[in-house]
Each structure stands twice: as structure tokens, then as C-alpha cells.
Amino acid sequence: MDNIRNDFTFHATTIEEANVLLFSNTEQGLSVDEAKARLRHFGLNAIEEAKPISPLRILINQFKSPIVFLLLFAAAMSFWFKEWLDGIAILLILVINAVIGFYMEFKAHKSVAALRKLSSIPAKVLRSGKLLEINAEEIVPGDIVFTEAGDMIPADGRIYKSSQLLIDESALTGESVPVEKKDAVLPEATILGDRTNMAFKATHVSKGNAYILVGTIGMKTELGKIANLVHSSKQSATPLEKKLEEFSKKLIKITIGLVVIIFGIGLINGEEIISMLQTVVALAVAAIPEGLPIVATMTLARGMLKMSRYHVIVKKLSAVETLGGTNVICTDKTGTLTQNKMEVVFVDTPSGTWKKDIPFTGNKKQLELISQCAVLCNTAHIQTSGKEAKEIGDPLEIALLKFSNNNGEDINKVRKEFLKKDEEPFSSETKIMSTLHEHNGKYYVFAKGAPEELLLKCTGIYEDSTGSFDTTKKEQWLSTAENFSASGHRMIAMAYREIESVPSSLINDLIFLGLIGMIDPPRPEVQSAINDCKTAGIKVVMITGDHPATAHFIGNQLGISTEAELPVIGKDMKEYEELSEEEKQRWINTSVFARVNPKHKLDLVKVFQEKGFVVGMTGDGVNDAPAIKKSDIGIAMGLRGTQVAQEVADMVLKDDSFSSIVVAIKQGRIIFENIKKFVTFLLSCNLSELLVIATVAVMNLHFQLLPLQILFINLITDLLPALALGLIKGGANIMKQPPRKSSEPIIDKSRWKLIFFYAIVIGLVSTGAVIFNHYAYHNDEPWDAAMCNNILFFTLIFCQLFHVFNMGSGPFFNNEVIKNKYIWYAVTGSLVILIAVIQIPYVREALNIISMTMQEWIIIVSASVSSILIIQAAKSFKLFKNKVQQHQIKV
């Protein structure tokens, strides 16, 4: 077995030489015993799949957060001090958060798994001179595989004995048009997309048949090399994960700093160490917004559910928000921007031009002859069964049949009336296909092919009457064809001949009918989606393995690039490590890349990420998978997407619609704005508690909040209002704003200032209510610690509940918060829960709640309302100041 060579360049080797090196036999194939021995030696012809994430790993990931670690520490400290209720309550919050996150992500992974069609792929191989059908995984190097139209190529190999062979390699190379294959030896430097004597694993035969000498299997194939790229490519953490981690670290530093200061001051004031440790636990509970993990998870989960209504499966919660920060979308062309189907868009004849949706004004008989030629010089079929139509054959020929059918030709009737007598199939040598038909006692030759070849075979041209066709006219028509080809059209010429008897040749003395132009048309919804991206400040980059002219044309048509902007071609792209800064900048400024391979796509994503862009990569093919994995947001197609692409993607489009990405981006932007709102709300509330506890501890006052009271305040005031803030609908201009910078934190400096201002107001008002109540009504009495504690406790609750109305971005009575019904439901619901819970004797006892007079309740409510008035007055003053400054700038 060690003598078997399969490490040579197959495309640059003759079939005879390859046969010798592989110890094979192209006439008989391998013997059954030899095949078994090679199977044991080389292993299965299979691609190694990425190990699926286990449910346990999904669950563990829910606890990988600095905030969660700090809450676990607070719970442990509570248990140490035998504050069982505090510890259990904290753990309960963490469990609820983990269950929600686990359920949503596990459900998403199951949805993606359901999209995959796991089936055994059969293959026909020559063994001991007999053609057998086996499982494709049992193919070994040296096997002879027979393949025909409709088959998937099971391994990489050298083509021989082919007949009219066309292979669709779009999943591997991105080339939208099936590639004509032949068995000629090629130069060693030939790039993958131009290796026309090779067949590659996971590509499909569109037309014809061939025998293939298998050279490499499994992970050694071109598909396997891409799979290796996928496995070696590191998954990037999403920007939200990075921001939440940075935010958590900053919050922990602030908490530790305050705890150390308060602990030190307490010891200086002569407080007992145990007492100060309990205060430290209270500070930790107050500083950390316990509701943040739940609210963030619920908001992102709701985003996942909302996107699922638009046929988008999001596999990871944090990916929902990351979409909102995306400022570059790198997208494959074939099947993503285009339909991966050829379509006739115009017919140019000597008498006039036909265009889609525009009536033909030329000679009707001429268009009829072209339609007949499209049907008769054609081996494709469209089988209709009920509402479904099955298309069999070359996509180009399918497009011709659809063109004729749309122009009123009955395909079956024409083929019955014009009986086929002979055919000269298309070949790479002639580049012409011609057929002979009999109709009403006469013979008709119909031919189609490459314009530069078919025009040479024409001696006449179909004008108002069949006229002569001199060299000048031929050059004019050839120039027309070349101009359209340069603009991305696939051009074919049509000709016919009417004769009395069977001719000696089917490709001579033809009458030129005209030119047909075809393209792989853009998906209908793509144009508006790209316009939305432009309005939103998102750069769309088209990356394809297709021809540069085709890529340039589609890019211009969709508005991705301009006429003057030429594509960057793969052969001109250096390795990432070799790029200069100038070359990297050129890549960033380019919108269309053509003839690229998977490594180029991966390098392009790296360049954009290096320059600080948040990159979304869309695609459906195996060739897209490494870049999909490396990008910040990998987006795979659900219908046409390969299993490899779906496995590594962060989200999957079930309907393959590019426009769904724009919907997802909008939802992501809304979510980020809502996250900023509820984080601001939660932090300002928790920081106010921290300031109150610190103030009371430093001033050595006679009242203090208990850890369980702080936890109760947070549960009552944080969860429902914060969740309601996560449900705010985005404004009409959310997709008209430029993308936020990837470096923009959840809480920037200006928002931190706002949070401290909010916290100071709430803290002062709450502490002030206690002091006012004592000096106004109990000045001659000693401090009542229980009464002071309750006033502080309830004032903080009401201040924080009403504080949610300060989160609006416009005028108080006309902003998105006040108009949001869920905010009112949340505040009302929280108040109802508060009133109901404190009626329970056990809860009253645990929270140290006592009875209070109406006078004290009026003080609590008045203080709470005053906090809103103070904050709104400050915001109005700031708004007025900004308007004055803007007016001064204009003047």
C-alpha cells in the first residue's frame, strides 16, 4: 500500500501516468479484495465534522460571566453568615437566568440540526470489470467512478471518457455557471476553478457523463482542505460578549474599591469586623444588578424569537445584538445575491431587440424561429407534476426552455411536430451544438453556440428576407457579443437552416438568427435590502469565485459598486501575512472581489476585523465556511446552505433571503439601544443603594439597609421595568443612523456621568426622606431605627420604580418610554406584587417591615415624585443649553 502515490498534481498528469502511480486499472477498476485492503489502509471517504456542542457545555456557558462569579461569591458569603434567604434568593436568580439562556440556545441548535438532511450518498464504481453501486464513504484512491447528470461527485479525481460533461462547482468555487470538463492535461500552475480535467467532491453533474479515476478521498480532497481551514479558524467572541465582559470587570473594580473603602472606614470608626463583613455583603448585593443577567438574556431571547418569525435561526443569544453593530457584510454572490439560475434577459436580432417585459418590435417570424431553436437544439426537460416543476439538465438550456415557454411556445408540441433525426453535441472543440429535425416533409437544422464560432459557420443572415452575411457584418455582431460578455452576460448565438434533404454536415451553411444574452439574475428582494444597508451606513462587499466581468456587472446592477470601480481579482491577492498597509486599505476600499478562493475570503475578513470593523459574512457553500466562522457574525443559508456552512454560522436564514439580514440588523440595533437603557436604569438604581449604604456607614447613622431588603428592592424594581425597557420598539430613524463604532462600550463616559447623577439624586432623596421625617415630626424623640429603615426601604423602591420614566430620550410626555404600554404594565405590576407580598406575615418579618402612618407614606411618595421632577428639570435645562449652543454655532 505504501507504494500507492496520490500526492502528485493530477491535473498536470496524463491519465496513463496517474493509472500507474495509483496502481489502478481504468478498464477493469480495482478488484473487490484490493478495494477492501485500501479501505482499511486509507480509511473512510468522509469529512470530519466539528464536534457538536453538548447540552452540558451550553449550560456551563450560561455561568461564564464575571457578574455571575461575583453573585456566587455574594451567595457564598450569605451562607457563611447563615443568611439563608439571601443566599437562596441570589442562587435562584442565577438558576432562572441559566435556564432561559440554555433553553433558547439549545432550541436554536436543534433547529439547525433539523435543517440538515443526513443521508447516505451512493456512488457507482467499477470493481473487477463490473459497475457496482456502493456507499460513497467506501470509495478508495484508485477507484474508477462512473457519474452522470444529477449525481454528486463522491471524491476528487481525474476525468476520462467524458461525454458532454458539465459540472456545477458553485458550492466549492462560487462559479455560478456549470463548468465544461475535458480530459486534456493542464499546466501545473492552473488554479482550482480552471482545472477542467478534474472532478471535485461535493460538486454536482449538470449534464453528460464520465468515468473518474479517484485520486484523493476524505480530508485530502479540496473539500477536506476547506474543512481543515474551518476547524483551524478560531471562532471570534461577539462584540456584545466582549463589551459585557469589559463592563462587568469595570463594575467589579468599582465594587471592590468601594467595599475596601467602606470596610476601612468602618474599622476606623470602631465597628466590629463581623458587622463590617455583613455590610460588605450588603454592598456587594447592592452594587451588582442581579436582574442584569436575566433581563439581558430575556431581551436577547425575545430578539431570537422575533427573528424566527422572519425565518432567521439565531444559534447564540449574544449574536442578536452583534448584528446591530455590523458595519460590513461580506456576501457570496452565487445563490445569495443571485438566484443561481440562468435567465434570458434579451435577444438581439437583425430586425429588432426583445427584452424582458418589453414587447418585441421586429420580425415576429424571426423571434418564432429563435424560440423554436431554443426548444429543439436543447436536451433539457422541465417535468411538471401538480404545482411543482422538476428541472433536468444544464441551467443554460433550462433558461432557454423557460424563455420559449414565456413567449408562447408549447415545448412538448414543438418537439412532437419537429421530429429529431440527428444531433451533433456541444464540444469544447467546436463550441457548437446542432440538431436535425423533420417537419412537413422538410428538414430543419437548428444550432446554438459561442458567437465567435457559430458566426464563422453562417453564410446568411435572417433580415427582412434572408440576405448575405459578409465579414463586416460578422465582425459587427461579434463586437456586440463581446461588449455584452464584458458586462457580465453569458452570450450564445442562434442559427438555422431549411433544406429539402438530409445534409452532410449540421454546422455548415447556416442562417444567423441573432444573439441571446443571459445572466444569473439577482434575487428580487436583494436590491431594496442593499439600499437599506447603504442608508444604515453598512458596507456590502461581494466576494465570488465567478468571472470578474460577471462580478463587476452584478455589483453595478445591485449598486454595490460603481462602473468605475473594478473588482480585485484573486490571483492578485497576496497572503494576509504579506500584505502592506496600502494593500490592506485597497481591500477595504473595494466592494467586489472575483475569482477568489476560500483562503482569500478568510484573509479579507481578517483585514476588516484588524481595522476595527464588525464583519458579517454570508454564504451557502463549503467555500464560505472558514470565513463564516472567523467573522463576527456568520450567516449561512438554510435551503441551499451546506452542512459545513450551517455548523459554523452564528445564524441561519431558513428562507435564504438576503433581506432577512437587514431585518435582523434592525432588530440588533433596537436591542443594543434597549440594552443601554436598561443597563443605565439598573446601574443607577443599584448605585443609589450603594451610595445610601456607604453614606449611612460613613456617617455612622442609626439605620441601615439589610442584605435581604436590598435583594428584595432589586427584585421588585429591577426585573419588570428593565424587561419592559427591553421591549421598546425602535424609532423610525434607527436604520438611518450610521453603525456604532465597534469600540463603543455599552456605557460610555457621558452615560456613566448620567448614571452617577441619577444615583446621587435617588440616594439623596431617599436619605433625605428619612432625615426630614425625623426632624419634622420626631425631633424631640430618639431615632427610631426600624421606622427610619422602613422609610428608606420604601422610598428607594418607589424612587426606582418611577425612575424608569426617566429613561426616555425625548420630551417627558412624548417619548418612547412613556408611550410604551409595557412600561406601565411593569410599574403597575411591580406595585401590585409589592403590596401583595408585604401582606404575608413571614415576608414582613424577614424584611423587618413595621406599620407606618399615612403621614409617613405621603413623605415616601412625595420624595419619590420629587426625584423625577429634579431629574427632568436637569434634563430640560441640558436640552435647552444644547439648543442655545446649536443656535450660536449657526449664527
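Residues numbered from 1 in each chain as written. Predicted model: local features only at pLDDT ≥ 70, side-chain atom pairs only at ≥ 80, totals over all residues. Heavy atoms only, no water.

Focus on the overall build of the chain
Link 1 in the chain: Helices and strands together make up the secondary structure of the chain, namely 29 helices and 26 strands.
Link 2 in the chain: Counting every position in the chain, which comprises 891 residues, the buried fraction comes to 54%.
Link 3 in the chain: Considering only contacts in the chain between residues 6 or more positions apart, those separated by 24 or more positions represent 72%.
Link 4 in the chain: For the chain, the accessible surface area stands at approximately 39,300 Å², while carbon and sulfur atoms represent 57% of it. (Helix = DSSP H or I, 4+ residues; strand = E, 2+ residues; numbered from the N terminus. Buried < 20%, exposed > 50% of the residue type's maximum accessible area, 1.4 Å probe, protein only. Contact = heavy atoms within 4.5 Å. Areas by Shrake-Rupley, 256 points an atom, 1.4 Å probe, with all protein chains shown as cover.)

A few points about the nonpolar core
Link 1 in the chain: By size, the foremost hydrophobic cluster in this structure holds 131 residues, and its most contacted members are Phe 512, Met 651, Phe 658, Leu 725, Phe 793, Phe 794 and Ile 797.
Link 2 in the chain: Examining the composition of this core, we find that 19 residues originate from one element, helix H23 (residues 659-698), more than from any other.
Link 3 in the chain: If we ignore the near neighbours within four places in the chain, the residues touching Met 651 are Val 312, Ile 313, Val 314, Lys 315, Leu 323, Ile 633, Gly 634, Ile 635, Ala 636 and Ala 664.
Link 4 in the chain: Counting residues in hydrophobic clusters, the runner-up holds 35 residues, among them Cys 377, Ala 380, Leu 396 and Ile 398. (Core = buried A, V, L, I, M, F, W, Y, C linked by side-chain atoms within 4.5 Å.)

With respect to the sheet that holds strand S25 (residues 633-637)
Link 1 in the chain: The strand order across the open sheet formed by 8 strands is S8-S26-S25-S24-S9-S21-S23-S22, and the pairing between neighbours is mixed. At either end of the open sheet lies a strand with only one pairing partner, and these are strand S8 (312-314) and strand S22 (568-569).
Link 2 in the chain: Relative to strand S26 (residues 651-653), S8 is paired through 3 bridges, and the arrangement is antiparallel. Each residue of the ladder has a partner; that of Val 314, found in S26, is Met 651.
Link 3 in the chain: The sheet strands contacting H23 are S8, strand S9 (328-332), strand S24 (615-619), S25 and S26, and the helix crosses S26 at an angle near 140°. (Pairing = 2+ DSSP bridges. Axes fitted to C-alpha atoms, helices over the stretch in contact; angles between N-to-C directions.)

Thoughts on the pattern of salt bridges
Link 1 in the chain: Overall, the coordinates contain 23 salt bridges when judged by the stated rule.
Link 2 in the chain: With a shortest N-O distance of 2.4 Å, Lys 356 and Glu 343 are connected by a salt bridge. Here Lys 356 is found in the loop between strand S11 (352-355) and helix H12 (364-376), whereas its partner Glu 343 is found in strand S10 (residues 343-349), with 13 residues between them in sequence.
Link 3 in the chain: Residue classification places Lys 356 among the partly exposed residues on the basis of a relative accessible area of 42%.
Link 4 in the chain: Via salt bridges that share partners, Glu 581, Lys 584, Glu 610 and Lys 611 belong to a single interconnected network. (Salt bridge = Lys/Arg side-chain N within 4 Å of Asp/Glu carboxyl O.)

Here's the deal with the environment of Pro 738
Link 1 in the chain: In this structure, Pro 738 sits in the loop between helix H24 (707-725) and helix H25 (749-777).
Link 2 in the chain: Along the primary structure Pro 738 and Cys 533 are separated by 205 residues, whereas in three dimensions their C-alpha atoms are 9.9 Å apart.
Link 3 in the chain: Sequence-distant contacts of Pro 738, defined by excluding residues within four places in its chain, comprise Ala 536 and Arg 669.

Here we look at the side chain of Thr 326
Link 1 in the chain: Its location among the elements puts Thr 326 in the loop between helix H11 (317-324) and S9.
Link 2 in the chain: When sequence neighbours within four positions are dropped, the list of residues in contact with Thr 326 reads Ile 538, Val 614, Val 615, Gly 616, Ile 633 and Pro 739.

Quick notes on a nonpolar patch on the surface
Link 1 in the chain: Together, Leu 56, Leu 59 and Ile 60 make up an exposed nonpolar region whose accessible area comes to about 250 Å².
Link 2 in the chain: Following the sequence through the fold, Leu 56 ends up in helix H3 (residues 55-61).
Link 3 in the chain: Overall, the relative accessible area of 57% leaves Leu 56 in the exposed class. (Patch = residues over 30% accessible without salt bridge, like charges linked within 9 Å, V, L, I, M, F, W, Y side chains within 5 Å.)

A look at the environment of Asp 546
Link 1 in the chain: As for its placement among the helices and strands, Asp 546 is situated in the loop between strand S21 (539-543) and helix H18 (548-558).
Link 2 in the chain: For the pair formed by Asp 546 and Ser 170, sequence separation is 376 residues and the distance between their alpha carbons is 8.8 Å.

Here's the deal with the confidence of the model for the chain
Atom-level detail of predicted coordinates should not be read off regions where pLDDT is low.
Link 1 in the chain: Confidence along the chain averages 82 in pLDDT terms, with 87% of residues attaining 70 or more.
Link 2 in the chain: Confidence drops under pLDDT 50 across residues 887-891; counting only partners more than four residues distant or on other chains, this segment forms 0 contacts. (pLDDT = per-residue confidence, 0-100.)

Here we look at the environment of Pro 141
Link 1 in the chain: Mapped onto the elements of the fold, Pro 141 is located in the loop between strand S2 (130-135) and strand S3 (144-148).
Link 2 in the chain: Taking the relative accessible area as the measure of exposure, Pro 141 reaches 0% and is therefore buried.
Link 3 in the chain: For the pair Pro 141 and Asp 156, spaced 15 residues apart in the sequence, the C-alpha separation amounts to 9.2 Å.

Considering the packing of aromatic side chains
Link 1 in the chain: Counting across every chain of the model gives 25 aromatic pairs.
Link 2 in the chain: When the centroid spacing of 5.5 Å and the interplanar angle of 10° are considered together, the rings of Phe 469 and Phe 512 count as stacked. In this pair, Phe 469 is assigned in the loop between strand S18 (466-468) and helix H16 (471-486) and Phe 512 in strand S20 (residues 510-519), connecting sequence segments 43 residues apart.
Link 3 in the chain: On the numbers, 5.0 Å between centres and 70° between planes, the contact of Phe 793 with Phe 794 is edge-to-face. As far as the burial class goes, Phe 793 and Phe 794 line up, both buried.
Link 4 in the chain: In this structure, Lys 161 packs its charged tip against the face of Tyr 211, placed 5.7 Å from the ring centre. (Phe/Tyr/Trp six-rings, centres within 6.5 Å; stacked < 30°, edge-to-face > 60°. Lys NZ or Arg CZ within 6 Å of the ring centre and 35° of its normal.)

Thoughts on a positive patch on the surface
Link 1 in the chain: On the surface, a cluster of positive charge is contributed by Lys 250, Lys 253, Lys 749, Lys 753 and Lys 878.
Link 2 in the chain: At the level of secondary structure, the elements contributing two or more residues to the positive patch comprise helix H8 (239-268) and H25. (Lys, Arg positive; Asp, Glu negative; His and termini not counted. Charge placed at Lys NZ, Arg CZ, Asp CG, Glu CD.)

Looking at H12
Link 1 in the chain: With 13 residues, H12 should reach 18 Å at 1.5 Å per residue; the first-to-last C-alpha distance of 18 Å fits that figure.
Link 2 in the chain: Among the 13 residues in H12, 10 count as buried, and that is most of the element.
Link 3 in the chain: Among all positions of H12, only Gln 366, Leu 367, Leu 369, Ile 370, Ser 371, Gln 372, Cys 373, Ala 374, Val 375 and Leu 376 are buried.
Link 4 in the chain: The N-cap residue of H12 is Asn 363: its side-chain oxygen and the backbone nitrogen of Lys 365 are 2.9 Å apart. (Expected span 1.5 Å × (residues − 1). Polar contact = N/O pair within 3.5 Å; in protein donor to acceptor, adjacent residues only side chain to side chain.)

What to know about the pairing of strand S17 (residues 458-462)
Link 1 in the chain: Of all the 5 residues making up S17, 4 are buried; the element is thus mostly covered by neighbouring parts of the structure.
Link 2 in the chain: In this sheet, S20 lies alongside S17 in parallel orientation, the contact comprising 3 bridges. Looking across to S20, one finds that Cys 458 is bridged to Leu 510.

What to know about unusual backbone geometry
Link 1 in the chain: Non-glycine residue Lys 161 carries a positive phi angle of around 50°.
Link 2 in the chain: Given a relative accessible area of 44%, Lys 161 falls into the partly exposed group.
Link 3 in the chain: With a phi angle near 50°, Asn 440 is a residue other than glycine that sits in the positive phi range.
Link 4 in the chain: Positionally, Asn 440 belongs in the loop between strand S15 (432-439) and strand S16 (442-449).
Link 5 in the chain: By relative accessible area, which is 69% here, Asn 440 ends up exposed.

Let's talk about the packing of helix H19 (residues 581-589) against helix H20 (residues 598-610)
Link 1 in the chain: For the pair H19 and H20, interaxial distance at closest approach is 10 Å and the crossing angle is 100°. With respect to H20, the axis of H19 lies roughly perpendicular. Across the interface between the two elements, Glu 581, Lys 584, Trp 587 and Ile 588 from H19 touch Asp 603, Leu 604, Val 607, Phe 608 and Glu 610 from H20.
Link 2 in the chain: When grouped by side-chain class, the residues that make up the contact of H19 with H20 number 5 nonpolar, no polar and 4 charged. (Parallel < 35°, antiparallel > 145°, perpendicular 65-115°, else oblique. Nonpolar A, V, L, I, M, F, W, Y, C, P; charged D, E, K, R; others polar.)

Looking at the side chain of Gln 372
Link 1 in the chain: Here Gln 372 is to be found in helix H12.
Link 2 in the chain: Sequence-distant contacts of Gln 372, that is, excluding residues within four places in its chain, are made with Glu 409, Phe 418 and Phe 446.

Some words on the packing of helix H26 (residues 785-803) against helix H27 (residues 821-837)
Link 1 in the chain: Two numbers describe how H26 lies on H27: the axes approach to 10 Å, and their chain directions differ by 160°. The orientation of H26 relative to H27 falls into the category roughly antiparallel. Crossing geometry of H26 relative to H27 is assigned as right-handed. Mapping the contact onto sequence places Phe 794, Ile 797, Phe 798 and Leu 801 in H26 and Val 827, Ser 830, Leu 831 and Leu 834 in H27.
Link 2 in the chain: The residue inventory of the contact of H26 with H27, partitioned by class, reads 7 nonpolar, 1 polar and no charged. (Left-handed = near helix turned anticlockwise from the far one by under 90°.)

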